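Now for the letters of each chain:
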Amino acid sequence: MRLLTFKGGVHPEDKKELAGFAPIERIKPPEIVYLPLSQHTGVPSKPIIEKKDEVEVGMKIAESNGKLSVPLHSSVAGVYMGLVNYPHPLGGRKLAMKIKVDPERTEEWKSEEKEVGTLSNKDIIKIVKESGIVGMGGAAFPTFFKMQPPPDKKIADLIINGAECEPYLTADYRLMIERAEDILKGIDIIRRVINPDRVWIAIESNKMDAVERMKEVSSSYPSFNISIHKTKYPQGSEKQLVQAVKRQEVPEGGLPFDAGAYVQNIGTALAVYEAVCYSKPLYERVVTVTGSVRDPSNFLVPIGTPFDYLIEEAGGVIGTLMKVINGGPMMGIAQVYPEVPVIKGTTGILIQNREEVFSGIVGPCIRCAACIDVCPMCLMPTEINKSIETENFDKAEEMGVLSCMECGGCAYVCPSNIPLVQQFKYAKNEIMKRRK
Amino acid sequence: MLQLSPAPHISSSKNMEKIMYGVVLALVPALVGSVYFFGWRVLFLTALSVLSALITEWTFQRVTHREIRCFDGSAIITGILLAFNIPVNSPWWIPVAGSFFAIFVVKQVFGGLGYNIFNPALAGRAFLVASWPSLMTGNWTPPIGGTLSGLSNLDGITQATPLTLLSLSPRASVIHALNSGTMLKALFVGNTGGCLGETSALLLLIGALFLFAMRYADWRISVSYIGSVFAFSGILYLLGINTVNPTFHILSGGVMLGGLFMATDMVTSPVTLKGRWIFGIAGGLLCVLFRTWGGYPEGVSYSILIMNMFVPLLDRLQPRVYGRSK
Ligand code: SF4
Ligand code: SF4
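Cut-offs used in this document
- Residues numbered from 1 in each chain as written.
- Chains lettered and ligands numbered in written order.
- Predicted model: local features only at pLDDT ≥ 70, side-chain atom pairs only at ≥ 80, totals over all residues.
- Heavy atoms only, no water.
- Near = heavy atom within 4 Å.
- Nonpolar A, V, L, I, M, F, W, Y, C, P; charged D, E, K, R; others polar.
- Axes fitted to C-alpha atoms, helices over the stretch in contact; angles between N-to-C directions.
- Helix = DSSP H or I, 4+ residues; strand = E, 2+ residues; numbered from the N terminus.
- Parallel < 35°, antiparallel > 145°, perpendicular 65-115°, else oblique.
- Contact = heavy atoms within 4.5 Å.
- Phe/Tyr/Trp six-rings, centres within 6.5 Å; stacked < 30°, edge-to-face > 60°.
- Buried < 20%, exposed > 50% of the residue type's maximum accessible area, 1.4 Å probe, protein only.
- Lys NZ or Arg CZ within 6 Å of the ring centre and 35° of its normal.
- Pairing = 2+ DSSP bridges.
- Domains from an automatic or database assignment.
- Buried area = accessible area lost by both parts, 1.4 Å probe.
- Salt bridge = Lys/Arg side-chain N within 4 Å of Asp/Glu carboxyl O.
- Polar contact = N/O pair within 3.5 Å; in protein donor to acceptor, adjacent residues only side chain to side chain.
- Right-handed = clockwise from strand over helix to strand, strands pointing away.

1. Quick look at the site of ligand 1
Neighbouring residues of ligand 1: Cys375, Pro376, Met377, Leu379, Pro381, Cys404, Met405, Glu406, Cys407, Gly408, Cys410 and Phe424 of chain A. The residue inventory of the shell around ligand 1, partitioned by class, reads 10 nonpolar, 1 polar and 1 charged.

As structure tokens, then:
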């Protein structure tokens, strides 16, 4: 079996066994949900309902606002309580629509399956936009926008990202096991719009049962290839997937379509299918709740559900709660408030207790070059860090700091625990500020 | 209160002290061998050297109000390596002075671990050679029952390393003896005169293989350095400029110690793969040049120290950034 791979990368313990065996479970909704207007990359949406209005599951409650924006839908039935300033999982407080849930009326989405049949690409893109679909692998980039690459870019390869390389997370894995047919239908819809020469479904080798499952159902789609990738972080990064599948690099500062590729996540493909064939907007998603909780789980949750509610649903914390992380351990964001809500890009919630929390003492760089060996973007983290320490941002830029995708591989291996990623974020910010 | 450190929230098992103590461990076989060949005085000198290194580092960090990190392992490495670079009949203060210089001037004054340009132990040795040349180079004890004893007596030189013997007395009989299989075997196993740590290539190799396996040192540097000494001295041998064969060269005078443990020092060697190959090859060439035409017979220390100076330059050999046009 030939495993596809990329240059560099690290091998953290994958810890998928914690939640990997837990089937996706629909939770009963919380009493209150908070839907931040800012759910995605781009402009936040604009509320279109009034305080005290009754809302239904899937009802549009905020509209898109500008070019790079999508609408927002209620994830529950209940009463709109108004806009509040509420903690946001990406940091700080942001405006959120507060909805008091009516558990009686909050039901599963019901609708007849429709044929894609006569829909034009334009229709599909419109549905995808109106359904509020964004990339569900974490980045939350509006999908309708991505589906319209510049006409001069020929897309040869459609790559569906089922790598799920972040340790602990198992949402995409469970989807591939449980919803394989629907995912493939979603992929087929994206394929119709993008019209690539080849379709790849990229899965890491630690999920062979998902590979088998996808192979089984994809036999009716002769143009689909399942590509098995080496279990290595960050295999699921767009640029690394393109490198692994196409043996070609995305030009510096460019996007996958500059290399003739289009990458979309498994969960997004499913959302596209449900939107197009069931008119179901994106108002719920699968979230892995894992780490130091009693019952690590994969929950299907209404967007806006507070994290602490889900932690309790997963049996509560084992030991002393130290960290609540939005996302996985490599790129996730540690939260100040455990009551932050799930947003469209929340792939998982990782809980660390006192025993698991990592706190290394920062030491001097001993020039071991481990960071250079693992950087998937072929950067020299130690050297870039040195130029940042001396505030030499021009040098940092010349050395490629803007290409850093903040995957955390370098900081993960650094024996002196130097906060390299934090430094690079800071430098990127400074460079962008200076450009303005 | 929730903890708020930035991602990543997990860390590899790599940690700096583990690396440093790994290197210490890798030096143990050679140390044990040295005690076997030269006697207990080896331990005495090594202990003095390590103590001196630790005390110097502790005092410096104390006086300058820095964090006390003298037990991170790096000072111990310097202490052992410095002791490995002195003759066994050195007076007790030689390792003390050498380690003091290595830690104080070469390491701490430059900013401490990670910021020093020169390998502290090597620079310490260079300091000792420059200050007390007769103690450092003309003062060799043959190992207990060693191979060279007969030869040296024959020559009227009572104390010599194979390499000094060659430069002091390049007679046909000596050369023939040096090129012999017995001699090479003795060099490999460790049965010859020399500094504490440079006698047994075999025991050094065992330690180095551990370092390579753990990735605490890059084999590329060792292979390129030692390979380059072998290649260039081999060329000179074939041209008739050098009288002893290349195997003798790589097994004697600290090429193994230098190539395996000094040149591979992370702090003072290049961080890129390309840089490391160049570092090793150029270092080996310099060593051969020094040996053939220079004043000192060993050449290893100076070749590596000079290459240390070029590291900032070699570090500019940045690999091509992903997606950047060629
Ligand atoms: S420098 Fe950036 S891209 Fe490279 S390993 Fe570090 S975080 Fe990842
Ligand atoms: S991994 Fe850390 S200690 Fe090693 S070279 Fe990079 S920054 Fe320095």
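So that's the structure; there's more coming.
2. A look at the packing of helix 1 (residues 16–38) of chain B against helix 2 (residues 41–63) of chain B
All names here are of chain B. Interhelical geometry of helix 1 versus helix 2 gives an angle of 135° and a closest axis separation of 8 Å. Relative to helix 2, the element helix 1 is oriented oblique. Each of Leu31, Ser34, Val35 and Phe38 in helix 1 lies in contact with helix 2, whose residues at this interface are Val42, Leu43 and Thr46. A class-by-class count of the residues in the contact of helix 1 with helix 2 yields 5 nonpolar, 2 polar and no charged.

3. Details of the packing of aromatic side chains
Here the structure, examined in full by the defined rule, presents 15 aromatic pairs over all chains. Seen in terms of ring centroids, Trp93 of chain B and Trp132 of chain B are 5.1 Å apart; in terms of plane orientation they differ by 70°. Their pairing is edge-to-face. Here Trp93 of chain B is found in helix 4 (residues 93–108), whereas its partner Trp132 of chain B is found in the loop between helix 5 (120–131) and helix 6 (133–137), with 39 residues between them in sequence. Residue classification places Trp132 of chain B among the partly exposed residues on the basis of a relative accessible area of 28%. Ring geometry for Phe210 of chain B versus Tyr216 of chain B: centroids 6.5 Å apart, planes at 90°, classification edge-to-face. With a relative accessible area of 30%, Phe210 of chain B lands in the partly exposed category. Given the relative accessible area of 9%, Tyr216 of chain B is considered buried. Pairwise contacts between aromatic rings join Trp93, Phe101, Phe127 and Trp132 of chain B into one cluster. Taking NZ or CZ as reference, Arg93 of chain A lies 5.2 Å from the ring centre of Tyr337 of chain A, over its face. In this structure, Lys280 of chain A packs its charged tip against the face of Tyr283 of chain A, placed 5.4 Å from the ring centre.

4. Structural notes on the site of ligand 2
As a matter of local geometry, ligand 2 sits amid Cys365, Ile366, Arg367, Cys368, Ala369, Cys371, Thr382, Cys414, Pro415 and Ile418 of chain A. By residue class, the composition of the shell around ligand 2 is 8 nonpolar, 1 polar and 1 charged.

5. Quick look at unusual backbone geometry
With an omega dihedral of -5°, the bond running from Tyr233 of chain A to Pro234 of chain A counts as a cis peptide bond. Its place among the elements puts Pro234 of chain A in the loop between strand 11 (224–229) and helix 6 (238–246). In this model, Ala7 of chain B is joined to Pro8 of chain B through a cis peptide bond whose omega is -5°. With respect to the helices and strands, Pro8 of chain B occurs in the segment before helix 1. For Ser279 of chain A, which is not glycine, the phi dihedral falls at a positive 55°. Owing to a relative accessible area of 35%, Ser279 of chain A belongs among the partly exposed residues under this scheme. The backbone of Arg367 of chain A shows a phi angle near 55°, a positive value even though the residue is not glycine. Tracing the sequence through the fold places Arg367 of chain A in the loop between strand 17 (348–353) and helix 9 (370–374).

6. What to know about the sheet that holds strand 10 (residues 198–204) of chain A
Residue and element names in this part refer to chain A. Pairing in this open sheet of 4 strands is parallel, and the strands run 11-10-9-12 from one edge to the other. Two strands in the sheet have a free side with no partner beyond their single neighbour: strand 11 and strand 12 (261–265). Averaged over all pairs of adjacent strands, the angle between their axes in this sheet comes to 25°, without regard to strand direction. With 5 bridges joining them, strand 9 (residues 157–162) and strand 12 adopt parallel strand pairing.

7. Some thoughts on the domain arrangement of chain B
Residues and elements named next belong to chain B. Segmentation of chain B into domains returns domain 1 (16–137) and domain 2 (152–314). With both sides pooled, the region where domain 1 packs onto domain 2 buries about 2,900 Å², and carbon together with sulfur makes up 73% of that total. Our count for the domain 1 to domain 2 interface comes out at 0 salt bridges. Put simply, domain 1 and domain 2 have 6 residue pairs in polar contact (both at pLDDT 80 or more) between them.

8. Observations concerning the domain arrangement of chain A
Residue and element names in this part refer to chain A. Along its sequence, chain A is carved into domain 1 (121–278) and domain 2 (370–435). Placing the centre of domain 1 and that of domain 2 at their C-alpha centroids yields a distance of 29 Å. Here domain 1 packs against domain 2, burying approximately 460 Å² in sum over the two surfaces, 58% of which is carbon and sulfur. Viewed at the interface, domain 2 and domain 1 are joined by 0 salt bridges. For the pair domain 1 and domain 2, the interface holds 2 residue pairs in polar contact (both at pLDDT 80 or more). Of the residues that constitute the side of domain 1 that touches domain 2, the class distribution is 2 nonpolar, 2 polar and 2 charged.

9. Quick look at the pattern of salt bridges
Pairing is possible between side chains of opposite charge, provided their charged atoms come close. As enumerated under the stated definition, the model contains 36 salt bridges over all chains in all. We note a salt bridge from Asp188 of chain A to Arg191 of chain A, for which the minimum N-O separation is 2.8 Å. In this pair, Asp188 of chain A and Arg191 of chain A are both assigned in helix 4 (residues 180–194), 3 residues apart and thus about one turn of the helix distant. On the basis of relative accessible area, Arg191 of chain A is assigned to the partly exposed category, the value being 25%. Between Asp218 of chain B and Arg220 of chain B there is a salt bridge; the shortest N-O distance is 2.9 Å. By sharing partners, the salt bridges in this structure join Arg26, Glu108, Arg179, Asp182, Glu274, Lys280 and Glu284 of chain A into a single network.

10. So, helix 3 (residues 74–84) of chain B
Residue and element names in this part refer to chain B. Among the 11 residues of helix 3, 11 are classified as buried, and the element is accordingly described as predominantly covered. Among all positions in helix 3, only Ser74, Ala75, Ile76, Ile77, Thr78, Gly79, Ile80, Leu81, Leu82, Ala83 and Phe84 are buried. Along its buried surface, helix 3 packs onto helix 1, helix 2, helix 4, helix 5 and helix 14 (255–262).

11. Points about the pairing of strand 11 of chain A
Residues and elements named next belong to chain A. Of all 6 residues in strand 11, 5 are buried, a share of seventy percent or more. Here strand 10 pairs with strand 11 via 6 bridges, running parallel. Among the inter-strand pairings, Ala202 is bridged to a residue of strand 11, identified as Ser227. Since strand 10 and strand 11 lie parallel, the crossover through helix 5 (residues 208–218) that links them has a hand, and here it is right-handed.

12. Things to note about the side chain of Ser222 of chain B
Residues and elements named next belong to chain B. With respect to the secondary-structure elements, Ser222 resides in helix 12 (residues 219–238). The class for Ser222 is buried, based on a relative accessible area of 2%. Within the structure, Ser222 has its side chain in polar contact with the backbone oxygen of Gly259 (distance 2.9 Å). Excluding anything up to four places from it in sequence, Ser222 contacts Phe212, Gly227, Gly259, Leu260 and Thr264.

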